[in-house]
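Report on the structure
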Amino acid sequence: MAEKAILYDATRCTACRGCQVACKQWNENDEYIPTVENGVPAKNTGSYENPPDLSPSTWLKMEFREVETDGNLRWLFTRRACMHCTDAGCVKVCPSGALYHDALGFVGYNKDLCTGCGYCIEACPFDVPRYTSNVLTGIARMDKCTFCTTAGLNRIVEGYEPACVKTCPPDALIYGDRDELLAIGRQRVEVLKAKGKSNAYLYGEREMGGLHVMYVLDDSPAVYGLPAAPEVPAATVAWQDVIQPLGWVVGGATIVGLGVNYIVARANAHKEEK
Amino acid sequence: MNQDKVEKYRAPIRILHWVHTVAFVTLFFTGLVLFVPQLGFLAQDSWTRVIHRIAAVVFIIAPLIYLTLDFKGAVRGVKMAFTWSGEDLGWLKAAPGYYFFGNEKGMPPQGSLNTGQKLWWFIVIVFGVVFAITGLLLWFGRAALSAQAVLWLIFWHDVAFIVSGAMLLLHVYLGVLHPMMTESWSAMASGKISREYARTHHGKWYAEISKSRES
C-alpha cells in the first residue's frame, strides 16, 4: 500500500489556526482553557500563540516566530504535532504496542493499550507526546495526534483526509501519497530557491528515516524551531537494542543452566546416597 | 533446645528476608510486564504501576527499619558483603564441581555466608541502592529532569533488573530446588540448621560459634 503523508507548506500558511480547531472538534478534545482548576495560569505571553503548549487535549498547535534578518522582520509559522516518523523512537520504546506503525506509514496510537509508562515522551526527538500523570500513583495516559485514525473517529479508512487538512483555507496542508507529496514539495522548494530563498528546504524527506508530515520551509529548519538533525536518543538505542536483548540472553541462559544443573546434580546426589 | 541444631538466622533477619522477598518478587513481576511485549496488556490502566510503587515503598523502608533496630549488626553484615579474599576465588573454582557433581574436595571452609551467598548479598545491596535511587528519581523527579537523564535512569533501572533478576532465579533455585542444598530452606524458615550441615558447609563459622560457646 502506498504510504500516505501530510505536506505542510509554511510559506502558504496564514496561521488562521483552523487546523487546531478542526483537530479538537473532530477528535473530541475539549478546548484547553486556562483555569484555576487545571492549574494553568492565563497570562499574556505577547504572542498570538494559544494554547501555550501541546497537551493531552491539544494534539496540534501553531507556533509563531518573529525572526529578524537584515533589518527585515519575518513572521514565521510552524505546525507542531506528531511528525509520524518512519524510525519512530516512541514505537521503539512502547512496551504494550499502543504505539505502532500503521500500514500507511504513520504512527498509529491505540489509547486503550497505553500503560502510562511515559517512555515515549523522552524518546521523541520532537517533544510531542503529552500525558497527565498522577505524581503519587503514576496513573497516566499518553495522548498525541493519531493521523485521524482514532477508533470510531477514523477518517482515513473512510477515505477522508485528516481534519486539519480538510479545513485548511490556503491549502497549506495537503494530504496524499507520500511519493506524490515529495514531488510537490521538491518543486515548491525549487520555486522558492528561484525566488532567492537559498536556504529553502523540504523537511522530512530523510529525517528519522522519512517523516509522514513534511514541511516546505523557506529557510533552514532551525529558524523554524525544528531540530536540524533529529534522532532517536542514544540512551534509547542502548536500552532497547543492547540491554533488552542482553536481558533475554541472560535470563534464558540462567534458566537453561539451572535446568541442566538440576538434572546433573540430582543424578549425582542419588549416587552419593548409595 | 535441640542439641543437634544451631541457629543460623535470628528472627529479625528472617522477617526482613521474607518481607523483602515479597516486595522484590512483586516489583519483579510488575516490572516484567513492561519488559515482555506479550505481557504489556497486563499493565493497562496503570494498575501494575500502583502496585509497583506500593511494593517499592516496602522494599526501601524495610531495610531502613532494620537499620534502626540493629545498626551494629547491619554494618557488620554489609561489611561482610564487601570483604573478599583469595579463599573466595578458591570457592568459585571448586563450586562447579560441587554444585554439579557433589565433589566436596577443594571447597575451602566457609564463614556464615559462603562465597556464592556473599555474591548474592553483594548484588542485593549494590543493586538495591541502584533500584532505589533510579526508581525514586523516576517517580518524583521526572518533571524536573531532562529527557536524556530520564532515559539513562531507565537504562540503569533495567540493568539492575536484569542482573538481580537472573541472580534471584539462581538464589531461589539453590534455596528451594537444588538436590544437595538440603538445609538452606530451614535456615531461612525456622532459622536453624543441623550441626552436621553447619560443620560441613560453614566450617569457619561453625568453629567460631563453637569456640564462643565454650568460652
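Cut-offs applied
- Residues numbered from 1 in each chain as written.
- Chains lettered and ligands numbered in written order.
- Predicted model: local features only at pLDDT ≥ 70, side-chain atom pairs only at ≥ 80, totals over all residues.
- Helix = DSSP H or I, 4+ residues; strand = E, 2+ residues; numbered from the N terminus.
- Buried ≥ 20, exposed ≤ 12 C-beta atoms within 10 Å, placed from the backbone.
- Contact = placed C-beta atoms within 7 Å.
- Rg over C-alpha atoms; globule rule 2.2 N^0.38 Å.
- Axes fitted to C-alpha atoms, helices over the stretch in contact; angles between N-to-C directions.
- Parallel < 35°, antiparallel > 145°, perpendicular 65-115°, else oblique.
- Left-handed = near helix turned anticlockwise from the far one by under 90°.
- Nonpolar A, V, L, I, M, F, W, Y, C, P; charged D, E, K, R; others polar.
- Expected span 1.5 Å × (residues − 1).
- Core = buried A, V, L, I, M, F, W, Y, C linked by C-beta atoms within 7 Å.
- pLDDT = per-residue confidence, 0-100.
- Pairing = 2+ DSSP bridges.

Regarding the overall build of chain B
The secondary structure content of chain B amounts to 9 helices and 2 strands. Across chain B, helices and strands are ordered from the amino to the carboxyl terminus as β-α-α-α-α-α-α-α-β-α-α. For chain B, the C-alpha atoms occupy an extent of roughly 60 × 40 × 30 Å along the three principal directions. Among the 215 residues that make up chain B, the fraction classed as buried is 21%. Once local pairs closer than 6 in sequence are excluded, the contacts in chain B between residues at least 24 apart make up 61%.

Brief notes about the overall build of chain A
When helices and strands are counted, chain A shows 6 helices and 10 strands. Relative to the 2.2 N^0.38 estimate, which gives 19 Å for 274 residues, the radius of gyration of chain A is 24 Å and therefore markedly larger than a compact globule would have. Projected onto the principal axes, the alpha-carbon positions of chain A cover approximately 95 × 50 × 45 Å. Buried positions account for 36% of the 274 residues belonging to chain A. A fraction of 60% describes how many contacts in chain A between residues 6 or more apart in sequence connect residues 24 or more apart.

Here we look at the packing of helix 5 (residues 115-140) of chain B against helix 6 (residues 147-177) of chain B
All names here are of chain B. At a minimum axis separation of 9 Å, helix 5 and helix 6 run at an interaxial angle of 150°. In terms of orientation, helix 5 and helix 6 fall into the roughly antiparallel class. The interaxial crossing formed by helix 5 with helix 6 has left-handed handedness. On helix 6, the residues touching Trp120, Ile123, Phe127, Val130, Phe131, Thr134, Gly135, Leu137 and Leu138 of helix 5 are Val150, Leu153, Ile154, Trp156, His157, Ala160, Val163, Ser164, Met167 and His171. Taken together, the residues of the contact of helix 5 with helix 6 break down into 14 nonpolar, 5 polar and no charged.

Looking at helix 2 (residues 47-69) of chain B
All names here are of chain B. With 23 residues, helix 2 should reach 33 Å at 1.5 Å per residue; the first-to-last C-alpha distance of 33 Å fits that figure. Turning to helix 2, its buried residues number three or more, namely Thr48, Arg49, His52, Ala55, Ala56 and Phe59. Buried-residue contacts for helix 2 involve helix 1 (11-32) and helix 5.

Considering the interface of chain B and chain A
Where interface size is given, it is often the accessible area lost as the parts come together that is meant. Facing 35 residues of chain B, the contacting portion of chain A comprises 35 residues. When contributions to the side of chain B that touches chain A are tallied by element, the ones reaching two or more residues are helix 2, helix 4 (86-101) and helix 6 of chain B. Each residue belonging to the side of chain B that touches chain A can be placed in one class, and the counts come to 25 nonpolar, 7 polar and 3 charged.

Section: the nonpolar core
Across soluble globular proteins, you tend to see nonpolar side chains buried next to one another. The biggest cluster of nonpolar side chains holds 72 residues, and the ones touching the most others in it are Cys90, Cys120, Cys164 and Met214 of chain A. Among all residues touching Cys120 of chain A, those that are not within four sequence positions of it are Cys90, Val93, Cys94, Leu99, Pro129 and Met142 of chain A.

Some remarks on the confidence of the model for chain B
Per-residue confidence for chain B gives a mean pLDDT of 89, with 97% of residues at or over 70. The complex prediction reports pTM at 0.88, with the ipTM value standing at 0.85.

Quick word on the pairing of strand 1 (residues 4-9) of chain A
Residues and elements named next belong to chain A. Counting buried positions over the 6 residues of strand 1 gives 6, a clear majority of the element. Burial along strand 1 is two-sided: Lys4, Ile6 and Tyr8 facing one way and Ala5, Leu7 and Asp9 facing the other are all buried. Both strand 1 and strand 8 (residues 173-177) contribute to a ladder of 5 bridges, which runs antiparallel. Its bridge partner being in strand 8, Tyr8 is matched across the sheet by Leu173. One ladder, built from 4 bridges, connects strand 1 with strand 10 (residues 213-217); its direction is parallel.

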